[in-house]
Amino acid sequence: MDTILDRPIQYLPGIGQKRAETLAAEIGVETFGDLLMHIPFRYVDRSKIYPIAQLNDEMATQFVQVRARVVDMGIIGHGPKARLSLVVSDDTGEMEVVWFRGVRYVMKKLEVGREYIFFGRPTMFNGTPNMVHPEFEPPIVVEGQEPVGMQGIYSTTERLSSMGLGTRAIYNAMRTLWGVVKDNIPETLPSYLLASEGLVTRAQALHDIHFPASAEALNAAMRRLKFEELFVIQLQLLGQRRVRTEKSQGYLMPKIGGYFNMFYHENLPFALTAAQQRVVKEIRGDMISGHQMNRLMQGDVGSGKTIVALLCVLIAADNGFQSAIMAPTEILATQHYRSIVEMVETTGLKVELLTGSTRKKKREEIAEGLLSGEINLLIGTHALIEDGVQFSRLGFVVIDEQHRFGVMQRAKLRLKNQEMPPHVLVMTATPIPRTLAMTLYGDLDVSVIDELPPGRKPIHTSHARESHRLRLFGFLREQIERGRQVYIVYPLIQESEKMDVANLEAGAEVIAREFPPPKYTSVVVHGKMPAKLKDYGMELFKEGKAQILISTTVIEVGVNVPNATVMVIESAERFGLSQLHQLRGRVGRGGEQSYCILMTGDKLTTEARHRMEAMVSTTDGFRLSELDLQLRGAGDIDGTAQSGQGIEIKVSNLAKDGEILEYARSVAEGVLAEDPALAEERNALLREALERLGRQKKVELDLSQIS
Ligand code: ADP
Ligand code: MG
């Protein structure tokens, strides 16, 4: 059923076809309803006029209004470089106003001697205030527009501005739109919820978010829209989880038998931390619940997730089930394979490794062993989910470093057992702040290993620049003298891969010169090398035959060399906080004091500097991920983020709206507790809301993008 809100935006007076196309292309606004949801990212007090004399440098980031008379106006320069320059003045001083684009168009609208209100961001130039491309209008109340206190600032783009759709023009379009749609805004939340949660109606909220009469009205509007957005998502996630836990059947694995006991009592190389014990119990609870497990195990790098997974693999084997562990890279899969084989050797557990480079003959052998049930545990990369790989009784699946895998791949792995889906344990070292976890993984159960094995010394982190390089080399020599090993990591991003590899190779040459053989051995490892060479290099380093490992981020995940105590990260400003933290986690694994050195260029953006400061100030991954979210949240103008369900979050800001998210979740829990299927008449609107959500374009979430 089409409503006025579905009407194409080109039919809004003043828009037309051309602007409509640009609106769609630039900010995704196609309909009246879309424009209505283009909400301001900020508000300014339009009733306040600043005297020119009060303008100063600190205002450069904010919008202000100046009421001033045009004293002089003229075009300076010519051709494409021509600019329009105005001198305007009020009783307190003079200001220069400049346009670089639309020069003639603007000039026609202005008159020397007349007074205007200029609205823009002031900067100071040689002590004189300056405003570039302000919006302006004569100081009269336009008919139909009440004098406004707060006015929304709408995000726009260069292209839209050049077509006459700057923030002020969008505001005016919104005015027009509101006149057309105001009596046709359907309510989307049940009235009983509006009453119990003290929310304003949707129509009221949309009016007040665009045209707030007061700060209170604006707050009430925000609260209503954010609540609704987060509430509906939580309703969906909790609903899915309910279906899964109540309807889905899962294998029962009640037995604790020979594999587990033999390992736990005789081969366990250390005592489990309390957190590890707790998580093993939580997983075991799922294994005997009769429902399929879908659990996320979160634990900082080095917190010991592998052993937890392995203990559960042994329980599965005790109950006659096969397990699979899927890792994101061949190096990591191989490492898991080796360390696990070593640990379980005496228990008789049959473990195999399957990766892209497994030979055909071996593959066939594995295929047979899987079908006969002889293989208890298969470890591998994506190769595990290829169609040819078939298990006889797959009961437990572990996915390491979840953010490297898409949702689709996870689903595919789950289908490896036609009879009943196996239990799934997803492990991630990406510490996700609580608010984000609730949105991303609201449909999963979450276990957290919030404790590191005893005896670890906090890693000492410092930030250094090129001028410190000689000192750095001296420090590395000192560490190597003591028998320690060093990682040097270079960034690698696809777009500039060639240059990055070149940087790495140049760096490796410098190292080879500074640390010459035979006294020193350094190895280079990167993703573009043949697997054989890569493995050989890694092997030298692991065995302590090489003291320096120079690599791209291939070693980012999972590599474990306890004797390595120094992590040097080159061009550290190019890494995100979470990546830096992951890399740092490669050291500090033994009993020795470890170090992380962040090398950066001299010039850093404010944001990059904050990242370095954050790294230096804490080693707590959860704290860092919260800082990360804040840093990004702050730079993220409209707070748009994608939830794990591929739903766009338009109004809320996950970095800041944690409280309202938790609240919305608890209300959603309450609603579902009373009416699990939302079948009651009073929840009809909620059913519709979920249907709308389901129709939204799904975007595959790539956690590596947010982490
Ligand atoms: P991650 O959670 O990063 O995957 P790992 O499972 O690789 O961590 O464990 C990191 C290191 O800590 C390994 O060398 C592992 O053997 C060791 N480890 C794990 N649990 C404990 C423990 N309870 N006590 C001591 N060392 C442990
Ligand atoms: Mg790991």
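As annotated in an unreviewed UniProt entry, the protein chain is ATP-dependent DNA helicase RecG from Candidatus Rikenella faecigallinarum. Taken from UniProt, the Sequence similarities (unreviewed entry) comment for the protein chain reads in full: "Belongs to the helicase family. RecG subfamily."

### Some details on the overall build of the protein chain
A tally of regular secondary structure across the protein chain gives 24 helices and 24 strands. The proportion of buried residues among the 707 residues of the protein chain is 51%. Intrachain contacts of the protein chain at a sequence separation of at least 6 include 75% that bridge at least 24 residues. A total of about 32700 Å² of accessible surface is found on the protein chain, and carbon and sulfur atoms cover 52% of it.

### As for the confidence of the model for the protein chain
Summary statistics for the protein chain give a mean pLDDT of 85 and a share of 89% for residues scoring 70 or more. Confidence, read as mean pLDDT per element, is least for helix α24 (residues 703–706) in the protein chain (30) and greatest for helix α11 (residues 305–318) (97). Of the regions scoring below 50 in pLDDT, residues 634–647 engages in 38 contacts with residues more than four places distant in sequence or in other chains. Across residues 697–707 the pLDDT falls below 50, and counting only partners more than four positions away or on other chains, this stretch makes 29 contacts in the model.

### Let's talk about the nonpolar core
Grouped together as the largest cluster of nonpolar side chains are 43 residues, with contacts concentrated most on F263 and F396. Elements that contribute at least two residues to this core include exactly α9 (258–267), α10 (274–287), α11, α12 (330–344), β12 (351–354), β13 (377–380), β14 (394–400) and β15 (423–428). Apart from the residues within four sequence positions on either side, F396 is in contact with M287, M293, A309, C312, V313, A316, Q322, S323, A324, P422, H423 and L425.

### Considerations on the packing of aromatic side chains
The tally for this structure, following the rule as stated, stands at 14 aromatic pairs. Measuring from centroid to centroid gives 5.9 Å for Y171 and F211, while their planes differ by 75 degrees, and the two rings are edge-to-face. Here the residue Y171 occupies a position in helix α5 (residues 167–181), and F211 occupies one in the loop between α7 (202–210) and α8 (215–247), the gap between them amounting to 40 residues. An identical accessibility class is assigned to Y171 and F211; each is buried. An angle of 65 degrees between the planes, with centres 6.4 Å apart, marks the rings of W178 and F211 as edge-to-face. With a gap of 33 residues between them, W178 in helix α5 and F211 in the loop between α7 and α8 connect regions that are remote in the sequence. Pair check on accessibility: W178 and F211 agree, each one buried. Aromatic ring contacts, followed pair by pair, group W99, Y116, F118 and F136 into a single cluster. Here the basic side chain of R175 rests over the ring of F211, its NZ or CZ set 4.1 Å away from the ring centre.

### Some points on the site of ligand 1
As a structural note, the neighbourhood of ligand 1 is formed by 16 residues, with G302, K305, T306, R456 and N560 the closest of them. Between ligand 1 and A271, the relevant distance is 2.9 Å, taken from a nitrogen atom to a main-chain nitrogen or oxygen of the residue. The backbone of G304 places a nitrogen or oxygen atom 3.1 Å from an oxygen atom of ligand 1. Relative to its free-state accessible area of 570 Å², ligand 1 is covered by the protein chains to the extent of 81%. Of the residues assigned to the shell around ligand 1, the class counts are five nonpolar, seven polar and four charged.

### Regarding the pattern of salt bridges
A side chain with one charge may pair with a side chain of the opposite charge, provided their charged atoms come close. A complete count under the given rule lists 27 salt bridges for this structure. One salt bridge in this structure joins D445 and R241, with 3.5 Å as the shortest N-O distance. Placement of the pair is D445 in strand β16 (residues 445–449) and R241 in helix α8, with a sequence separation of 204 residues. When its relative accessible area of 16% is taken as the criterion, D445 is described as buried. With a shortest N-O distance of 3.6 Å, R609 and E613 are connected by a salt bridge. Here R609 pairs with E613, and both are found in helix α20 (residues 606–617), just four residues apart, close to one helical turn. The exposure class of R609 is partly exposed, given its relative accessible area of 36%. What you see here is one network of salt bridges that share partners, running through R278, E282, D286, R295 and D450.

### Details of the side chain of T358
Structurally, the position occupied by T358 is in the loop between β12 and α13 (360–372). The class for T358 is buried, based on a relative accessible area of 13%. Within polar-contact distance, the side chain of T358 engages the backbone nitrogen of T355 at 2.8 Å. Filtering out sequence-adjacent residues up to four positions away, T358 remains in contact with L353, R363 and I366.

### Considering unusual backbone geometry
Going from P517 to P518, the amide bond is cis rather than trans, its omega being 5 degrees. For H133, which is not a glycine, the phi torsion comes out positive at approximately 50 degrees. Positionally, H133 belongs in the loop between β7 (128–132) and β8 (135–137). The phi dihedral of S571 is positive, around 45 degrees, even though this residue is not glycine. Mapped onto the elements of the fold, S571 is located in the loop between β21 (564–569) and α19 (577–584). Classification of S571 by relative accessible area gives partly exposed; the value is 25%.

### Some thoughts on the sheet that holds β15
In a beta sheet, neighbouring strands pair by backbone hydrogen bonds and run either parallel or antiparallel. Strand order in the open sheet made by the seven strands is β12-β13-β11-β14-β15-β10-β16, with parallel pairing throughout. Strand pairing shows two members of the sheet lacking a second neighbour, β12 and β16, which therefore form its edges. Pairwise comparison of adjacent strand axes, ignoring direction, gives a mean angle of 20 degrees for this sheet. Bridging between β12 and β13 involves four bridges; their strand directions are parallel. Within β13, the residue paired with L354 across the bridge is G380. α12 contacts β11 (322–326), β12, β13 and β14 of the sheet and is inclined by roughly 170 degrees relative to β12.

### Looking at the sheet that holds strand β20 (residues 548–551)
Sheet architecture is open: six strands sit in the order β17-β22-β21-β18-β20-β19, paired in parallel fashion. Edge positions in the sheet fall to β17 (460–465) and β19 (522–525), since each has one partner strand and no second. Put simply, the sheet's adjacent strands are angled 20 degrees from each other on average, direction ignored. As defined by bridge partners, strand β18 (residues 485–489) adjoins β21 across five bridges and the pair is classed as parallel. Each bridged residue has a counterpart across the sheet, and for Q485 the counterpart in β21 is A564. Set on the sheet, helix α17 (residues 497–514) makes contact with β18, β19 and β20; between it and β20 the angle comes to about 160 degrees.

### Here's the deal with the environment of A327
Mapped onto the elements, A327 comes out in the loop between β11 and α12. When the C-alpha positions of A327 and E401 are compared, they lie 6.9 Å apart, and in sequence the two are 74 residues distant.

### Brief notes about the pairing of β7
With three bridges connecting them, strand β4 (residues 94–99) and β7 associate as parallel partners. If you follow V97 over to β7, its bridge partner there is M131. With four bridges joining them, strand β6 (residues 122–125) and β7 adopt antiparallel strand pairing. Within β7, the residue paired with M124 across the bridge is P129. Count of turn residues in the β6/β7 antiparallel hairpin: two residues, of which N126 carries a positive phi of about 50 degrees.

Reading the values: the criteria
- Residues numbered from 1 in each chain as written.
- Chains lettered and ligands numbered in written order.
- Predicted model: local features only at pLDDT ≥ 70, side-chain atom pairs only at ≥ 80, totals over all residues.
- Heavy atoms only, no water.
- UniProt positions renumbered as here; feature names shortened; annotations may be inferred.
- Helix = DSSP H or I, 4+ residues; strand = E, 2+ residues; numbered from the N terminus.
- Buried < 20%, exposed > 50% of the residue type's maximum accessible area, 1.4 Å probe, protein only.
- Contact = heavy atoms within 4.5 Å.
- Areas by Shrake-Rupley, 256 points an atom, 1.4 Å probe, with all protein chains shown as cover.
- pLDDT = per-residue confidence, 0-100.
- Core = buried A, V, L, I, M, F, W, Y, C linked by side-chain atoms within 4.5 Å.
- Phe/Tyr/Trp six-rings, centres within 6.5 Å; stacked < 30°, edge-to-face > 60°.
- Lys NZ or Arg CZ within 6 Å of the ring centre and 35° of its normal.
- Near = heavy atom within 4 Å.
- Polar contact = N/O pair within 3.5 Å; in protein donor to acceptor, adjacent residues only side chain to side chain.
- Nonpolar A, V, L, I, M, F, W, Y, C, P; charged D, E, K, R; others polar.
- Salt bridge = Lys/Arg side-chain N within 4 Å of Asp/Glu carboxyl O.
- Pairing = 2+ DSSP bridges.
- Axes fitted to C-alpha atoms, helices over the stretch in contact; angles between N-to-C directions.

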